[in-house]
Amino acid sequence: WRREDFRQHSRTGAATVEVNPTSGAFEVKKLTVAMDLGTVINPDGVRAQIEGSTLWGMSLALFEAAPLKGGTLQVTNFDAYTPMRMSEMPELDISIIANNDPPSGCGEPAVTVVAPAIANAIFNAVGVRVRSLPITQAEVRKGLQAKKA
């Protein structure tokens, strides 16, 4: 294999949120994701893969807690571990950047940009930096209260 054949394709994300500056309640209104994928063979399939990985990223960012107690996972069934549903997604703006590079995988890379995009949007809106997942109203409210103190 040649090193130049294994190019890392980039991705980036941004979020638009509304945050209540008193309660810390927030809503993600829009997620924007752009991915540089090299040669795009099936644009509709690529878009569906990016939408799915964006859903997964938002679910991880906002809903999926997996607490440990004494080294044991406390959530042992999906009745208490509820991932986000497609019907709960905000507006999505997906940009597929194609070029003449070899094709690249697109199924999971967008997962990594969603949580930082949401956290940065909350920081931009109210000046509170949330550094743990899932991002919750309680954590935002705690940050707002710390700012006032």
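Structural data are supplied above this passage.
My aim in this report is to walk through the structure given alongside it, one point at a time. (Residues numbered from 1 in each chain as written. Predicted model: local features only at pLDDT ≥ 70, side-chain atom pairs only at ≥ 80, totals over all residues. Heavy atoms only, no water.)

Right, let's get into the overall build of the chain. Helices and strands together make up the secondary structure of the chain, namely three helices and five strands. Along the chain direction, N to C, the helices and strands of the chain fall in the order β-β-α-β-β-β-α-α. Across its three principal axes, the chain shows a C-alpha extent of roughly 55 × 35 × 30 Å. Classification of the 149 residues of the chain by burial places 33% in the buried group. Sequence separation of 24 or more characterises 70% of the internal contacts of the chain that already satisfy a separation of 6 or more. Accessible area of the chain: about 9,200 Å², with a carbon and sulfur share of 51%. (Helix = DSSP H or I, 4+ residues; strand = E, 2+ residues; numbered from the N terminus. Buried < 20%, exposed > 50% of the residue type's maximum accessible area, 1.4 Å probe, protein only. Contact = heavy atoms within 4.5 Å. Areas by Shrake-Rupley, 256 points an atom, 1.4 Å probe, with all protein chains shown as cover.)

Before going further, it helps to spend a moment on the pairing of strand β1 (residues 11–19). Relative to strand β2 (residues 26–38), β1 runs antiparallel, the two sharing nine bridges. The residue of β2 that forms the bridge with Gly 13 is Val 33. Hairpin geometry of β1 and β2 is characterised by an intervening segment of six residues between the two adjacent antiparallel strands and by a positive phi of about 85 degrees at Gly 24. (Pairing = 2+ DSSP bridges.)

Now for the sheet that holds β2. The strand order β1-β2-β5 describes an open sheet built from three strands, whose pairing is mixed. Each edge of the open sheet is held by one strand with a lone partner, namely β1 and β5 (91–98). Recorded for the sheet is a direction-independent mean angle of 10 degrees between the axes of neighbouring strands. Sheet strands touched by helix α2 (residues 111–126): β1 and β2. Its angle to β1, the strand with the most contacts, is close to 40 degrees. (Axes fitted to C-alpha atoms, helices over the stretch in contact; angles between N-to-C directions.)

This part takes up helix α3 (residues 137–148). Taking 1.5 Å of rise per residue, the twelve residues of α3 would be expected to cover 16 Å, and the 17 Å separating its terminal C-alpha atoms lies within 8% of that figure. Tucked inside the fold, the buried residues of α3 contact β1, β2 and α2. (Expected span 1.5 Å × (residues − 1).)

Let us look at the layout of surface pockets. In this structure, the largest pocket occupies an estimated 190 Å³ of space. Surrounding the largest pocket, Phe 26, Glu 27, Val 28, Met 58, Leu 62, Phe 63, Glu 88, Ile 135, Thr 136 and Gln 137 form its lining. Mapped by element, the contributors of at least two residues to the lining of the largest pocket are β2 and α1 (43–62). For the lining of the largest pocket, the element with the highest residue contribution is β2, accounting for three residues. Along the lines of polarity and charge, the residues of the lining of the largest pocket split into six nonpolar, two polar and two charged. (1 Å grid on protein atoms, 1.4 Å probe; cavity = no way out; pocket = protein on both sides within 12 Å on 5 of 7 lines; lining within 4 Å. Points joined across faces, edges and corners; volume = space filled by probe spheres on them. Nonpolar A, V, L, I, M, F, W, Y, C, P; charged D, E, K, R; others polar.)

Our focus in this paragraph is the environment of Ala 48. Residue placement: Ala 48 occurs in helix α1. Separated by 43 residues in the primary sequence, Ala 48 and Glu 91 place their C-alpha atoms 14 Å from one another.

In this section: the packing of α1 against α2. At a minimum axis separation of 7 Å, α1 and α2 run at an interaxial angle of 45 degrees. Classified by the angle between their axes, α1 and α2 sit oblique to one another. Crossing hand, α1 versus α2: right-handed. Together, Ser 53, Thr 54, Trp 56, Gly 57, Met 58, Leu 60, Ala 61 and Leu 62 of α1 and Val 111, Val 114, Ala 115 and Ile 118 of α2 make up the contact between the two elements. (Parallel < 35°, antiparallel > 145°, perpendicular 65-115°, else oblique. Left-handed = near helix turned anticlockwise from the far one by under 90°.)

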